[in-house]
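# What the coordinates show
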Amino acid sequence: MTDFTDDELALDPQFAERFQRDDRRPPCQLYLISPLDVSGGFADRLARALDAGPVAAFQFRVKDVDQHEAARLAEPLLRVCAEREVAFIVNDSISLAKRLGADGVHLGQGDGDPREARAILGPSAQIGVTCHDSRHLAMEAGEAGADYVAFGAFHPTTTKDTSHRPDPSILSWWTTVFEIPCVAIGGITPYNAAPLVAAGADFLAVSGAVWNGDETDAIRRFHAVLTGA
């Protein structure tokens with residue numbers, strides 16, 4: 001596997017041309033992930049981000065709080081998403097997703113089985129699974145009924161500890177063989193996103209690139225990449 005820095009990707013516009021996106025698949029969309037701190041005025045920031053351009057889904061991701069506190073923090077964000085018809089996905093916790101009536105849950109490799117999530121959350125729930133850089137894990141997730149698989153981290157990220165660095169070609173392989181959507185995650189910015197879109201990502205999962213600055217401007221920049229503007 002060859003590693004590329006963000007600067008190399010940004011300075012090499014021909015990099016994206018190594019891949020040919022299948023135009024029969026829907027256009028790539030944004031999948032927004034929360035920062036760990038969603039207290040205070042975060043609901044207003046989320047509203048501004050969602051109003052800045054189309055976002056397909058929002059993932060609620062908090063750590064080191066009990067379920068009662070997590071539910072309290074989630075409720076105003078759930079309303080913001082519902083008002084804008086943005087899917088609300090809970091990270092890690094099937095039980096919290098059930099409690100909130102969320103649209104779905106995203107499972108890490110140690111967070112439960114998609115079959116269990118389906119039995120608890122119902123047939124319409126959106127269930128995603130982290131698959132790192134593994135084709136085998138992705139195929140297992142698909143066989144278990146996952147609605148999407150997530151590959152990454154494609155770039156260095158401070159959002160979470162990562163030890164896997166897939167090549168964008170895994171997205172091309174997945175979308176050539178399977179209809180289930182794939183999500184690219186990990187250190188994605190408006191400046192390094194284009195090769196992942198070209199490789200076949202159905203969704204770009206983004207967090208720090210949005211919340212570490214002006215969320216409105218960041219969403220607009222991502223959409224300029226997605227639309228080729």
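Computed from a prediction, not measured in an experiment: that's the story for all the values here.

## Examining the pattern of salt bridges
- By the definition in use, this model includes eleven salt bridges.
- Put simply, Glu-215 and Arg-45 hold a salt bridge, and the shortest N to O gap is 2.7 Å. Of this pair, Glu-215 sits in helix 10 (residues 215-227) while Arg-45 sits in helix 2 (residues 42-51), and the two are 170 residues apart along the sequence.
- Residue Arg-115 is joined to Asp-113 by a salt bridge in which the shortest nitrogen-to-oxygen separation is 3.2 Å.
- By relative accessible area, Asp-113 is classed as partly exposed at 30%.

## Some details on the environment of Thr-130
- Summarising the element assignment, Thr-130 is placed in strand 5 (residues 126-130).
- Classification of Thr-130 by relative accessible area gives buried; the value is 16%.
- Between the C-alpha atoms of Thr-130 and Gly-152, which are 22 residues apart in sequence, the distance is 8.2 Å.
- Excluding its chain neighbours within four sequence positions, the residues that come into contact with Thr-130 are His-106, Leu-107, Gly-108, Gln-109 and Ala-150.

## Considerations on empty space enclosed by the protein
- One pass over the structure, following the stated rule, counts two cavities of 30 Å³ or more.
- Size it by volume and the second largest cavity reaches roughly 30 Å³.
- Tyr-31, Ile-33, Gln-59, His-106, Tyr-148, Ala-150, Val-183, Ile-185 and Ala-205 are the residues that line the second largest cavity.
- Counting residues per element, the ones that place at least two in the lining of the second largest cavity are strand 1 (29-33), strand 6 (148-152) and strand 7 (182-185).
- Looking at the lining of the second largest cavity residue by residue, the class counts come to seven nonpolar, two polar and no charged.

## Points about the packing of aromatic side chains
- Inspection of the entire model under this criterion finds nine aromatic pairs.
- Considering the side-chain rings of Phe-58 and Phe-88, the 5.8 Å spacing of their centres and the 50° angle between planes classify their relative orientation as tilted. Here Phe-58 is found in strand 2 (residues 57-60), whereas its partner Phe-88 is found in strand 3 (residues 87-91), with 30 residues between them in sequence. As far as burial versus exposure is concerned, Phe-58 and Phe-88 are alike and both buried.
- An aromatic cluster of three or more residues is present, and its members are Phe-42, Phe-58, Phe-60, Phe-88 and Trp-211.

## Notes on the pairing of strand 7
- Bridge count between strand 6 and strand 7: four bridges; the pairing is parallel. Along strand 7, the bridge assignment pairs Val-149 with Cys-182.
- Sheet analysis places strand 7 next to strand 8 (residues 203-206), joined by three bridges and oriented parallel. Across the sheet, Ile-185 pairs through a bridge with Ala-205, a residue of strand 8.
- With helix 8 (residues 194-199) bridging strand 7 and its parallel neighbour strand 8, the resulting β-α-β unit is right-handed.

## Side note on the UniProt feature "binding site: Mg(2+)" (unreviewed entry) in the protein chain
- The positions UniProt marks with the feature "binding site: Mg(2+)" (unreviewed entry) are Asp-92 and Asp-111. A maximum C-alpha distance of 5.6 Å is found for the annotated residues, which run over 20 residues; spatially they form one tight group.
- Structurally, the position occupied by Asp-92 is in the loop between strand 3 and helix 4 (94-100).
- Setting aside anything within four residues of it in sequence, one finds Asp-92 in contact with Lys-63, Val-105, His-106, Leu-107, Gly-108 and Asp-111.
- As for its placement among the helices and strands, Asp-111 is situated in the loop between strand 4 (104-107) and helix 5 (114-121).
- Since its relative accessible area comes to 27%, Asp-111 is described here as partly exposed.
- The contacts of Asp-111, once residues within four sequence positions are left out, are Asp-92 and Ile-94.

## What about unusual backbone geometry?
- The omega torsion across Gly-152 and Ala-153 is 10°, close enough to zero to call that bond cis.
- Relative to the helices and strands, Ala-153 resides in the loop between strand 6 and helix 7 (169-177).
- A positive phi angle, near 55°, is found at Glu-85, a position not held by glycine.
- Tracing the sequence through the fold places Glu-85 in the loop between helix 3 (67-83) and strand 3.
- Positive phi, close to 55°, is recorded for His-132, a residue that is not glycine.
- Residue placement: His-132 occurs in the loop between strand 5 and helix 6 (135-143).

Rules used in this analysis
Residues numbered from 1 in each chain as written. Predicted model: local features only at pLDDT ≥ 70, side-chain atom pairs only at ≥ 80, totals over all residues. Heavy atoms only, no water. Salt bridge = Lys/Arg side-chain N within 4 Å of Asp/Glu carboxyl O. Helix = DSSP H or I, 4+ residues; strand = E, 2+ residues; numbered from the N terminus. Buried < 20%, exposed > 50% of the residue type's maximum accessible area, 1.4 Å probe, protein only. Contact = heavy atoms within 4.5 Å. 1 Å grid on protein atoms, 1.4 Å probe; cavity = no way out; pocket = protein on both sides within 12 Å on 5 of 7 lines; lining within 4 Å. Points joined across faces, edges and corners; volume = space filled by probe spheres on them. Nonpolar A, V, L, I, M, F, W, Y, C, P; charged D, E, K, R; others polar. Phe/Tyr/Trp six-rings, centres within 6.5 Å; stacked < 30°, edge-to-face > 60°. Pairing = 2+ DSSP bridges. Right-handed = clockwise from strand over helix to strand, strands pointing away. UniProt positions renumbered as here; feature names shortened; annotations may be inferred.

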